[in-house]
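# Understanding the architecture of this molecule
Chain residues, written in single-letter form:
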Amino acid sequence: MVQLGQAVSVSGLLLFGTTTSLFAKIVYELKANGVDGQEKYFRKPWAMTALMFMGMSFCLPLAYYQERRAKKRSAAEDPLLSFDDTHAVSPRRSHLMEIALLSIPTAFDLVATVLMNIGLLYVTASVYQMMRGAEMLFAAFFAITFLGRRLNRYHALGIICCVLGIALVGTSSIMSGEGSSTHKVTTEEMLLGMGLIIMSQAVQAAQLTFEDFFMADLNIPGIKIVGYEGLLGAVGTVALMMPIAYYMPGPEGEGIHEDFLDTLTMIGNSRALQIVLAVDMAALLLYNVSGMAVTGHLGAVFRTVLETMRTLFVWLVDLLLFYTPLGVGQLGESWSVYSWLQAAGFVVLVSGTLVYRHGDHEANRRMLAEALALRNAEAPLEAESAGPGMPYGAAASLLPSYGAMSSPLSMAGYGGMSQPIDSLVGTPSRMSFRASQTIVSGSYSRSFHAPGSYLSRSPWSRSGTVGNGLRVSTNGIDD
């Protein structure tokens, strides 16, 4: 991981995160001459999808550079204990197999990104950013349905706030009638745009659920995972999806048909487009690096708070562009009487996100307390059954291993527990950054609820188990 200070990483996440969201919309408002010689708007959602993956792929050389530095530093400190990640890979999977496994979440990400980019054609940047809060709803649904999770009362309250907030934001957008600063967007197009963005969040929640269940023990650093997903996504978009979009029927600029040659011509004919796309790609790289650094320094809960601040900054900068010469008369969004309704929706969304995150903390704290209590209660019995000749420390080694707990679940800001769960069990976290943003980390709950583990025998898990020990709830709510 790139070593960034807390202030630098927080500032980077806010700056580059705001830049990526704004530029994703700004690029649609720019004009250039196409292959037919006519000037038109750069409405190219497929090209923007490829650009996003290219920006992510730049994390890969950075990851290998960091890895090489770590090897040299380790070798210089102690040649006998030099860093060698060839032995760190799980015996169940080779390194190539783990990389190949990344193609599945990459496919999810590709579909979600295309849907978001098409939806962004018809809504403002602030509405686009707020609508992405719908991911919480689908993540909760998939966690209950496929992972056997139970949600507590804080989760339920957070979900209710999320639904209400999205409804308020969507209503304000429709009533204001503003989806673009350069051309008229109909109500039907706004509804289509918001629907596509919400659908994209369902796909992203499915991606997180897949990563949570199948990839929680992936032995690849988070920054390298982002890089590989970017590389696989860029290749898949350029080599497969864009040729398909080229031959699809429909008008140009509506998200179905897209002329790749026209895209290249427009970029070549516009210096403004070239600058915006280059800055956007660099911002995507720096946003990912800053985001992982923030999570490492301050935890996922603080990262969630910063993401809500990013949404606010997107809206404020959009207003600034509209009412100042910075927007050159064609960028940004206006403030209307219905913007107060959108502001209320934003406040409800933020409140729901924070309440939901508190539910995560309560669930994690409760599981950890149950597991440690059972371990302490059973350790003397294990020592007695081992016989008088075996020391307590050796008997304790017979207890179920916590090595599978690889998720960086940080408790920063809660009850004085500022270190990640990893530091409590001594296992370094190497899992995907994206997978760490789920409701309750899969590797965390699976390791505790596996057959024979402490929580699988605790009163808290008496609602039943299925498969590999995942709990099944009748109503999905745990109060």
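Residues numbered from 1 in each chain as written. Predicted model: local features only at pLDDT ≥ 70, side-chain atom pairs only at ≥ 80, totals over all residues. Heavy atoms only, no water.

## Describing the confidence of the model for the chain
Rules: The predictor rates its confidence in each residue with pLDDT, a number between 0 and 100. Every residue pair with non-hydrogen atoms within 4.5 Å of one another is taken to be in contact.
Across the chain, the average pLDDT comes to 76, with 74% of residues at or above 70. Across residues 82–91, confidence stays below pLDDT 50; counting only partners more than four residues off in sequence or on other chains, it has 16 contacts. In the model, residues 392–479 has pLDDT below 50 throughout and makes 221 contacts with residues more than four positions away in sequence or in other chains.

## Brief notes about the packing of helix α7 (residues 135–146) against helix α8 (residues 153–176)
Basically, it comes down to this: Between the N-to-C directions of two axes lies an angle of 0 to 180 degrees, each axis being a line fitted to C-alpha atoms and, for a helix, fitted only over the stretch in contact. Note on conventions: DSSP H or I runs of at least 4 residues are helices, E runs of at least 2 residues are strands, and numbering of each starts at the N terminus. With the far helix as reference, a near helix turned anticlockwise by less than a right angle produces a left-handed crossing, and one turned clockwise produces a right-handed crossing. The residue classification treats Ala, Val, Leu, Ile, Met, Phe, Trp, Tyr, Cys and Pro as nonpolar and Asp, Glu, Lys and Arg as charged. All others, Gly included, are polar.
Running from N to C, α7 and α8 cross one another at 140 degrees; their axes reach a closest spacing of 9 Å. At the point where α7 passes α8, the crossing takes the left-handed sense. Residues M136, L137 and A140 of α7 form the contact with α8, whose own contacting residues are G158, I159, C162, V163 and I166. Its residues assigned to classes, the contact of α7 with α8 shows 7 nonpolar, 1 polar and no charged.

## Considering the nonpolar core
Defined as follows: Residues enter a nonpolar core if they are buried and are Ala, Val, Leu, Ile, Met, Phe, Trp, Tyr or Cys, with the set joined through side-chain atoms within 4.5 Å. Each residue gets one of three labels from its accessible area relative to the maximum for its type: buried under 20%, exposed over 50%, partly exposed in between, using a 1.4 Å probe on protein chains only.
With 64 residues, the main nonpolar core has V27, F42, M48, V123, M131 and L273 as its most contacted residues. Residue contacts for M131: discarding those within four places in its chain leaves I166, V169, G170, M194, I197, I198 and Q201. Counting residues in hydrophobic clusters, the runner-up holds 10 residues, among them L60, L101, F210 and Y228.

## Regarding the packing of α7 against helix α9 (residues 187–214)
The line we're drawing: The labels follow the angle: roughly parallel below 35 degrees, roughly antiparallel above 145, roughly perpendicular from 65 to 115, and oblique for the rest.
Interaxial distance between α7 and α9 falls to 8 Å at its minimum, and their mutual angle equals 40 degrees. Put simply, α7 runs oblique to α9. Pair α7 / α9 crosses with right-handed handedness. For the pair formed by α7 and α9, the contact residues are E135, F138, A139, F142 and F146 on the first element and I198, Q201, A202, Q204, A205, A206, L208 and T209 on the second.

## Here's the deal with helix α3 (residues 59–77)
Note that an α-helix has 3.6 residues per turn; residues three or four places apart therefore point the same way. Quick reminder of the rule: To estimate how far a helix should extend, the number of its residues minus one is multiplied by 1.5 Å. Within this analysis, the arc is defined by the directions that extend from the helix axis to the C-beta atoms.
The terminal C-alpha atoms of α3, which comprises 19 residues, lie 27 Å apart, in line with the 27 Å expected from a rise of 1.5 Å per residue. Taken together, the buried positions of α3 are occupied by C59, L60, A63, Q66, E67 and S74. Each buried residue of α3 sits inside an arc of 125 degrees when the element is viewed along its axis, so together they form one side. Exposed side chains of α3 directed beyond 90 degrees from the buried face belong to P61, R68, K72 and A76.

## A look at the pattern of salt bridges
Close approach of charged atoms lets side chains of opposite charge pair. Operational definition: A pairing counts as a salt bridge when a side-chain nitrogen of Lys or Arg comes within 4 Å of a carboxyl oxygen of Asp or Glu.
All told, the structure shown has 9 salt bridges when counted by the stated rule. Of the charged contacts, one joins D262 and K40 as a salt bridge, the two residues approaching to 3.2 Å between their closest N and O atoms. Taken together, the residues span a long stretch of sequence, with D262 in helix α11 (residues 260–269) and K40 in strand β2 (residues 39–41) at a distance of 222 residues. On the basis of relative accessibility, which here comes to 2%, the residue D262 falls in the buried class. The exposure class of K40 is partly exposed, given its relative accessible area of 24%.

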